[in-house]
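Now for the letters of each chain:
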Amino acid sequence: MSRKRRELPLLERIEITDVAAEGNALTRVNDMVVFVPFGAPGDIVDIQLTKKKKNYAEGRITAIHQPGDVRVEPKCSHFTVCGGCRWQHLPYEFQLACKERQVKDAIERIAKVDAPEVSPILGSEEIWCYRNKMEYTFSNKKWLTYEQLSSGEEFSDRDGAGFHIPGAFDKVLDIDCCYLQDDFGNRLRCFVRDFGKEHGYTFYDLRQQQGLLRTLMIRIASTGEIMAVMVFGEDDADRINTLLSAVKERFPEITSLLYVINTKVNDTIGDQEILTFSGRDYIEESMESLRFRIGSKSFYQTNSRQAYRLYSVVRDFAGLTGNELVYDLYTGTGTIANFVAGKASKVIGIEYVPEAIADAKINSEVNGIENTLFYAGDMKDVLTDSFVAEHGRPDVMIVDPPRAGMHEDVVNVILNAAPRRIVYVSCNPATQARDLALLDAKYKVEAIQPVDMFPHTAHVENVVNLTLK
């Protein structure tokens, strides 16, 4: 006989006191920290606990008796349900202050190294419609809100297109309007969704792994070029051609209309063949006098305007005079490598994804850049002491690892190579701080510059300038 689950208490009229690094709000009740999403400091709320451990608990707000002075009205009607913009209820200046404090806390509590004051965070010029890439999922199990379930209405049409519900992999929230990308994204997504319904197309069943309409990726470059990648879960040539022809006719501004037939279990298309329906198989972004080709599998910073500010900080921190050998680790499509190449003697980029390295080489070629070299492979396998011996000891290393930070083997090779300067770019201040503690054996932190790439989220990019002691 299974044990009955113990019901957790409802905490009434509790004041929210702070915001946590992960994006949740927090309060303390009887020396226990309670984390809740979508709270604002000063809120007086009721909290239904959903998880209770020895030293902390998690819960959800069931009622707001008095909103805090800092709380503002969210712009989006899907706020709190879709799980994307967890800070829409907080003023942007307050968001920036929280992110800046997140960086300071990581340096002080995790890195524990001598460091200067953190420079004021560079906020995003645009806080809405700033994303150049969005991905949507089609599902035949559209999420029903509490209000819809309580209405007593029957919902026979469960087809929708939008975002996965946090904690429910097979449920998708049907999105009417998302303010993170130019409104073109809304118009295209809704057109495909409505066309599918009107013409009897099957929407993907995430449990049964079947259905024609699966996912849609939309990229809108600062140059005005647009890429749409429609992913189908079945190979139905007639219906695919009919839909894509309709999209092409309705949206002639799409410069790259691509599609994928993905019948495997997961949604990733990195190992899938990308087919071109019309236009080119890439779009172009611009940065200063450079142009970067972006394919369907390419990584590019999601906030184009802030990417320029971020890379400008990196270039300034690098302090290049034109004589330096630069290593760009985790180079991706070589955006940073090509961006700094004009002020360096040579730039060597290393990246795990072969397709990204192919893009990096093309980006050098189309921009007439001849002083770059790119290598594909796992960083800890490629960047070895023998690699450094062959290509030369770098004067400057630029590192921009994934959220997990750098492998310890990579840190050790960097310490052995002993470049004069390291510019460390990170999307996770906690793992960056961990790595700074390791680099402290030989390096001193000279400057710290946070940059906000993702308004209304808790995510923050941070650039640290280190010099050899």
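Residues numbered from 1 in each chain as written. Predicted model: local features only at pLDDT ≥ 70, side-chain atom pairs only at ≥ 80, totals over all residues. Heavy atoms only, no water.

Chemist: How should the pairing of strand β7 (residues 133-139) be read in this particular structure?
Modeler: For a regular strand, side-chain orientation follows a simple rule: the groups alternate between the two sheet faces. Counted residue by residue, β7 has five buried out of seven residues, so it is predominantly covered. Judged from the five bridges that link them, β7 and strand β10 (residues 213-220) form a sheet pairing that is antiparallel. The residue bridging Met134 from the neighbouring strand is Ile218, located in β10. (Buried < 20%, exposed > 50% of the residue type's maximum accessible area, 1.4 Å probe, protein only. Helix = DSSP H or I, 4+ residues; strand = E, 2+ residues; numbered from the N terminus. Pairing = 2+ DSSP bridges.)

Chemist: I tried to follow the sheet that holds strand β3 (residues 25-29) on my own but got confused; where do I start?
Modeler: By definition, the strands of a sheet pair up through backbone hydrogen bonds, in either a parallel or an antiparallel sense. Ordered in space as β1-β5-β6-β4-β3-β2, the six strands form an open sheet in which the pairing is mixed. On the outer flanks of this sheet lie β1 (10-15) and β2 (18-19), each paired with one strand and no other. Bridge analysis of β2 against β3 gives two bridges, and the strand direction is antiparallel. Following the sheet pairing, Val19 is matched in β3 by Ala25.

Chemist: Where do I start with the environment of Phe184 in this structure?
Modeler: Topologically, Phe184 is positioned in helix α3 (residues 184-198). Take Phe184: its relative accessible area is 2%, and that puts it in the buried class. When the C-alpha positions of Phe184 and Phe251 are compared, they lie 9.3 Å apart, and in sequence the two are 67 residues distant. When neighbours within four sequence positions are excluded, Phe184 is seen to be in contact with Ile218, Ile220, Ile226, Phe251, Glu253 and Ile254. (Contact = heavy atoms within 4.5 Å.)

Chemist: I would appreciate a short explanation of the packing of aromatic side chains in the present structure.
Modeler: We describe a pair of aromatic rings using the distance from one ring centre to the other and the angle between the two ring planes. One pass over the full model with this rule turns up 15 aromatic pairs. Judged by centre distance (6.3 Å) and plane angle (65°), the rings of Phe35 and Tyr56 are edge-to-face. One end of the pair, Phe35, is in strand β4 (residues 32-36); the other, Tyr56, is in strand β6 (residues 56-66), and 21 residues separate them in sequence. Overall, the relative accessible area of 23% leaves Phe35 in the partly exposed class. A relative accessible area of 29% places Tyr56 in the partly exposed class. Geometry around Trp128 places Lys75 over its ring, the cationic atom sitting 5.4 Å from the centre. For Lys75, the ring lying beneath its charged end belongs to Tyr179, and the centroid distance is 4.9 Å. (Phe/Tyr/Trp six-rings, centres within 6.5 Å; stacked < 30°, edge-to-face > 60°. Lys NZ or Arg CZ within 6 Å of the ring centre and 35° of its normal.)

Chemist: When you look at unusual backbone geometry in this model, what are you seeing that I'm missing?
Modeler: Leaving glycine out, the prevailing phi sign among residues is negative, and the prevailing peptide bond configuration is trans. Phi is positive for Lys112, which is not a glycine, with a value near 55°. Topologically, Lys112 is positioned in the loop between α1 (92-111) and β7. One non-glycine residue, Ala418, adopts positive backbone phi at about 50°. Examined against the element boundaries, Ala418 turns out to sit in the loop between α10 (408-417) and β20 (421-426).

Chemist: Explain the nonpolar core here, please?
Modeler: When a protein is soluble and globular, its nonpolar side chains tend to lie buried together. Within the largest apolar cluster, 81 residues are counted, with the highest numbers of intra-cluster contacts made by Leu188, Met230, Phe232, Leu243 and Ile254. Other than its neighbours up to four places away in sequence, Phe232 contacts Leu212, Leu213, Arg214, Ile240, Leu243, Leu244, Tyr259, Val260, Ile261 and Asn262. Grouped together as the second largest cluster of nonpolar side chains are 41 residues, Leu96, Tyr330, Val399 and Leu415 included. (Core = buried A, V, L, I, M, F, W, Y, C linked by side-chain atoms within 4.5 Å.)

Chemist: Looking at this structure, I do not really get the pairing of strand β17 (residues 346-351). What am I missing?
Modeler: Taking burial as the measure, the six residues of β17 include five buried ones, the bulk of the element. Relative to β17, strand β16 (residues 325-329) runs parallel, the two being bridged by five bridges. Following the sheet pairing, Val326 is matched in β17 by Val347. Handedness of the β-α-β unit built from β16, helix α6 (residues 335-340) and β17 comes out right-handed. Note that β17 and strand β18 (residues 372-376) share five bridges and pair parallel. For Ile348, the partnering residue across the bridge sits in β18 and is Leu373. (Right-handed = clockwise from strand over helix to strand, strands pointing away.)

Chemist: Hey, could you run me through helix α5 (residues 304-318) in this one?
Modeler: Given 3.6 residues per turn, any residue in an α-helix points the same way as the ones three and four places further on. Helix length check: α5 (15 residues) gives 21 Å between terminal C-alpha atoms against 21 Å at 1.5 Å per residue, within 8%. α5 sits mainly inside the fold: 11 of its 15 residues count as buried. Listing the buried residues of α5 in full gives Ser304, Gln306, Ala307, Leu310, Tyr311, Ser312, Val313, Val314, Arg315, Phe317 and Ala318. In this structure, the buried residues of α5 make contact with β14 (282-287), α6, β19 (396-399), β20, β21 (443-451) and β22 (461-468). (Expected span 1.5 Å × (residues − 1).)

Chemist: Which parts of the structure should I look at to understand helix α7 (residues 354-366)?
Modeler: With 13 residues, α7 ought to run about 18 Å at 1.5 Å a step, and its terminal C-alpha atoms sit 19 Å apart, in line with that. Taken residue by residue, α7 has Ala356, Ile357, Asp359, Ala360, Asn363 and Ser364 as its buried positions. Down the axis of α7, the buried set is contained in an arc of 155°. They therefore lie on one face. Turned more than 90 degrees away from the buried face of α7, the exposed residues are Pro354 and Glu365. Packed against the buried residues of α7 are β15 (290-295), α6, β17 and β18. Downstream of α7 by one or two residues, Gly368 has phi in the positive range, about 65°. (Arc of directions from axis to C-beta.)

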